[in-house]
Amino acid sequence: MEHNSSNFIRSIITEDLETGKRDNVYTRFPPEPNGYLHIGHAKSIVINFGLADDFNGKTNLRFDDTNPLKEDTEYVEAIKEDVEWLGYEWDGMFFASDYFEEMYNRAILLIKKGKAYVDDLSADEIRQYRGTLKEPGKESPYRNRSIEENIDLFERMRKGEFENGTKVLRAKIDMSSPNINLRDPVIYRVSHTTHHNTGDAWCIYPMYAFAHPLEDAIEGITHSLCTTEFEDQRPLYNWVIEECEMEHKPQQIEFGRLGITNTVMSKRKLKQLVDEKFVDGWDDPRMPTISGLRRKGYTPESIREFVKETGVSKGSGTVDEAMLEHFVREDLKLKAPRTMGILKPLKVVITNYPEDQVEMLDAEINPEVPEMGTRQIPFSREIYIEQEDFMEDPPKKYFRLFPGNEVRLKHAYFIKCEDVIKDADGNVIEIHCTYDPETKSGSGFTGRKVKGTIHWVDAKHALPAEFRLYEPLILDKLENEEDSTEQVSSEEKTFLDFVNDQSLEVLQGFVEPNMKEVAAHDKFQFFRHGYFNVDPKHSTNEKIVFNRIVSLKSSFKL
Ligand code: ATP
Ligand code: MG
Ligand code: MG
């Protein structure tokens, strides 16, 4: 979605303004604070904030906190941080729970109009009575209680006279409606649970389907954008607005959910991964959470651009994670300084280089952006190269180091492998090379050519660093037919079976000494290895910890 390009929601809004149905645009992003935000939420954020911005409208951040059992202030704080980090500023910040009194009064109004009743059926019975798509529902024996009795019972529910699950308030609509959502949906339940915001003030809580339209109406929301699983609830949404006599009438519009391959994207599942310690917290770099992507090294720009590219439509789409990676690569290409790091070190001794000599070499910080200037790299007699850049017995077309072969050390000299030192078990522990002083990088040497260029760091001056490389957290291309309407599918029981136990590889290596001053979240392109982020949690003065954001190559094409 280019903001100024068209999509069906934008067309609706444009028409609403042109016909005078609306004279402003007011959206909201309404997360339930029962987990951290994920990349799917980023889509909702970009759409809600983005559309409002385009029409000079406003957007609220609203915590949809009507279920005290699952909600927590930790999540509220994390959500605020993530929305701000993505680059959006809300106009108002509200809690649905701030409207509990008003919602209660609207429920009383419904009762007085004969449009709601207290039901003593159990949750199971209510489900059974509701019927199926093929057969109509059955009316509860409590459906025809008098208005007086209903008011009395509902007031006593509020006072705490009834146990959890013994009484609910239901909207009185139509038990034979073809839309099951209209078969007298429950709108209040008893729950003796402390709420993160209202504490113990309430022991009855409104259901989402009742609360959400009221929240929108109270805040003056014009276009209430949600995902398509709520499409069937739209008639109920409108019923609540009408029957509760809300002055302001918002309009619900649904768009398709975003899914990504090789991950799961439901807060319930993500929480399970955290609780059962498959990952080290909600912000583990393998998580599809905003905080995980941030810790891995994603930029807000790359996430926003990615989301826009996925577009706005009615259909939900699962996109390849390679597409997300494409956008961060694009974003960092011109921003990230280049550097060299050795992930799996192999010592190289340059036998003809003077023992105590150290020279400083010049290297561009980013050849695509000359204004970024140069950095200095020390070079001396002992260096580290990658283990995989040496083979004693190479196959054809291996152009890196092997006995007798010459390669270019990036930013330095040509070196030639003269000798291989092994331990008692025959493992290669050191390589002896000679260098040719004539071949210094930048000297204009053209005497002969080599096919391989490898990277290195100076052994004496290099800084120790840890590199964390990530693979997908979920192995199979699980379809994320997400559904926040609390359905349990068979996939639900088994997604943990698809968790990749090789999703993290930790390597101890070295980086250039000019990295001494790096700060959390600094991003670099390590020559040949890809883009890395300084981990904000585990990096210390003694050892820098880098998360690989993405490797350099991609098969992905837009
Ligand atoms: P989950 O099922 O992952 O827990 P949810 O829909 O229950 O998500 P909410 O906190 O209710 O999470 O979501 C806030 C807003 O973000 C809602 O409007 C919801 O529709 C939207 N949203 C959630 N997941 C996605 C997604 N994958 N793609 C697009 N929008 C999403
Ligand atoms: Mg949910
Ligand atoms: Mg939800």
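Residues numbered from 1 in each chain as written. Chains lettered and ligands numbered in written order. Predicted model: local features only at pLDDT ≥ 70, side-chain atom pairs only at ≥ 80, totals over all residues. Heavy atoms only, no water.

J.: I tried to follow the overall build of the protein on my own but got confused; where do I start?
T.: Summing up its helical and strand segments, the protein has 13 helices and 27 strands in all. Along the three orthogonal principal directions, the C-alpha set of the protein runs to about 100 × 55 × 40 Å. In the protein, which comprises 558 residues, the share counted as buried stands at 55%. Counted over contacts in the protein with a minimum sequence separation of 6, partners at least 24 positions apart contribute 72%. When the accessible surface of the protein is summed, it comes to about 25,100 Å², and 46% of that surface belongs to carbon and sulfur atoms. Each charge class in the protein can be summarised by its mean position, and for the 73 positive and 101 negative side chains these summaries are 3 Å apart. (Helix = DSSP H or I, 4+ residues; strand = E, 2+ residues; numbered from the N terminus. Buried < 20%, exposed > 50% of the residue type's maximum accessible area, 1.4 Å probe, protein only. Contact = heavy atoms within 4.5 Å. Areas by Shrake-Rupley, 256 points an atom, 1.4 Å probe, with all protein chains shown as cover. Lys, Arg positive; Asp, Glu negative; His and termini not counted. Charge placed at Lys NZ, Arg CZ, Asp CG, Glu CD.)

J.: Which parts of the structure should I look at to understand the site of ligand 1?
T.: Residues in close proximity to ligand 1 total 16 residues, the closest being E32, H38, T227, L258 and K267. A distance of 3.1 Å separates an oxygen atom of ligand 1 from a polar atom in the side chain of H41. At 2.9 Å, a backbone N or O of L258 approaches a nitrogen atom of ligand 1. Starting from 590 Å² of accessible surface for ligand 1 in isolation, the protein chains cover 92%. Ranked by residues supplied to the shell around ligand 1, first place goes to helix α2 (residues 39-54) with three residues. Considering only residue class, the shell around ligand 1 consists of six nonpolar, seven polar and three charged. Of the residues that make up the shell around ligand 1, three or more belong to each of domain 1 (8-255) and domain 2 (260-337 + 465-550). (Near = heavy atom within 4 Å. Polar contact = N/O pair within 3.5 Å; in protein donor to acceptor, adjacent residues only side chain to side chain. Nonpolar A, V, L, I, M, F, W, Y, C, P; charged D, E, K, R; others polar. Domains from an automatic or database assignment.)

J.: How do you make sense of the sheet that holds strand β7 (residues 204-206) when you look at a structure like this?
T.: Strand-to-strand pairing in sheets goes through backbone hydrogen bonds, with the strands running parallel or antiparallel. Spatial ordering of the open sheet is given by β4-β5-β6-β7, a layout of four strands whose pairing is antiparallel. Edge positions in the sheet fall to β4 (116-119) and β7, since each has one partner strand and no second. This sheet shows a mean twist of 20° between the axes of neighbouring strands, independent of strand direction. Of the strand pairs in this sheet, β4 and strand β5 (residues 168-171) are connected by four bridges, and their pairing is antiparallel. Paired with A116 across the strands is A171, a residue of β5. (Pairing = 2+ DSSP bridges. Axes fitted to C-alpha atoms, helices over the stretch in contact; angles between N-to-C directions.)

J.: Any chance you could explain the packing of aromatic side chains here in plain terms?
T.: The description of an aromatic ring pair rests on the distance of the ring centres and on the angle between the ring planes. Counted by the stated rule, this structure contains 29 aromatic pairs. A centroid spacing of 5.1 Å and a plane angle of 25° characterise the contact between F63 and F95, whose relative ring orientation is stacked. A residue pair is termed long-range when its members are at least 10 positions apart, and F63 in strand β2 (residues 58-63) and F95 in strand β3 (residues 92-95) qualify at 32 residues. Each member of the pair, F63 together with F95, is buried. Note on F414 and F445: the rings are 5.7 Å apart at their centroids and 90° apart in plane angle, and the pair reads as edge-to-face. Residue F414 is found in strand β19 (residues 414-422), and its partner F445 is found in the loop between β20 (428-436) and β21 (453-454); the two are separated by 31 residues along the sequence. On the basis of relative accessible area, F445 is assigned to the partly exposed category, the value being 25%. (Phe/Tyr/Trp six-rings, centres within 6.5 Å; stacked < 30°, edge-to-face > 60°.)

J.: When you look at the nonpolar core in this model, what are you seeing that I'm missing?
T.: Nonpolar side chains tend toward joint burial in soluble globular proteins. Among the nonpolar cores identified, the biggest contains 36 residues, and M103, F154, L169, I187, Y188, I204 and F210 are the most heavily contacted of them. Put simply, the parts of the chain that give this core at least two residues each are α4 (100-112), β4, α6 (147-159), β5, β6 (186-190), β7, α7 (208-219) and α8 (234-243). At seven residues, α4 tops the list of elements feeding residues into this core. Beyond its immediate stretch of four places on either side in the chain, L169 contacts A107, I111, A116, Y117, V118, F154, M157, P185, V186, I187 and Y188. Within the second largest apolar cluster, 35 residues are counted, among which are I39, I303, V307 and Y531. (Core = buried A, V, L, I, M, F, W, Y, C linked by side-chain atoms within 4.5 Å.)

J.: Any chance you could explain the pairing of strand β1 (residues 26-29) here in plain terms?
T.: Consecutive side chains of a regular strand alternate in pointing toward one face of the sheet and then the other. The side-chain alternation of β1 yields two buried faces, one formed by Y26 and R28 and the other by T27 and F29. Relative to β2, β1 runs parallel, the two being bridged by four bridges. Bridge pairing links R28 to N60 in β2. Between the parallel pair β1 and β2, the chain is carried across by α2, and the sense of this crossover is right-handed. (Right-handed = clockwise from strand over helix to strand, strands pointing away.)

J.: Explanation requested: unusual backbone geometry in the structure shown.
T.: Trans peptide bonds make up most of the peptide bonds, and negative phi angles are found at most residues other than glycine. Positioned with a positive phi, E245 is a non-glycine residue whose angle comes to about 55°. Within the element layout of this structure, E245 appears in the loop between α8 and β9 (251-255). The backbone of K397 shows a phi angle near 65°, a positive value even though the residue is not glycine. Secondary-structure assignment places K397 in the loop between β17 (382-386) and β18 (406-409).

J.: Looking at this model, I keep getting lost on the packing of α2 against helix α11 (residues 300-310). Mind explaining?
T.: Interaxial distance between α2 and α11 falls to 9 Å at its minimum, and their mutual angle equals 75°. By the angle between their directions, the pair α2 and α11 is classed as roughly perpendicular. On α11, the residues that touch I39, A42, K43 and V46 of α2 are I303, R304, F306, V307, K308 and T310. (Parallel < 35°, antiparallel > 145°, perpendicular 65-115°, else oblique.)

J.: Can you walk me through the environment of S177 in this structure?
T.: Relative to the assigned elements, S177 resides in the loop between β5 and β6. On the accessibility criterion, S177 (5% relative accessible area) is buried. Setting aside anything within four residues of it in sequence, one finds S177 in contact with L182 and R183. At 3.0 Å, the side chain of S177 and the backbone nitrogen of N179 are in polar contact.

J.: Explain the packing of α4 against α7 to me, please; I cannot follow it from the model alone.
T.: Geometrically, a packed helix pair is captured by the angle between its two axes and the distance between the axes. Interaxial distance between α4 and α7 falls to 11 Å at its minimum, and their mutual angle equals 115°. As summarised for this structure, α4 and α7 are arranged roughly perpendicular, according to the angle between their axes. Here the hand of the crossing between α4 and α7 comes out right-handed. In this structure, α4 uses E102, M103, R106, A107 and L110 to contact α7, whose residues at the interface are F210, A211, L214, E215 and I218. Here the residues of the contact of α4 with α7 are counted per class, giving seven nonpolar, no polar and three charged. (Left-handed = near helix turned anticlockwise from the far one by under 90°.)

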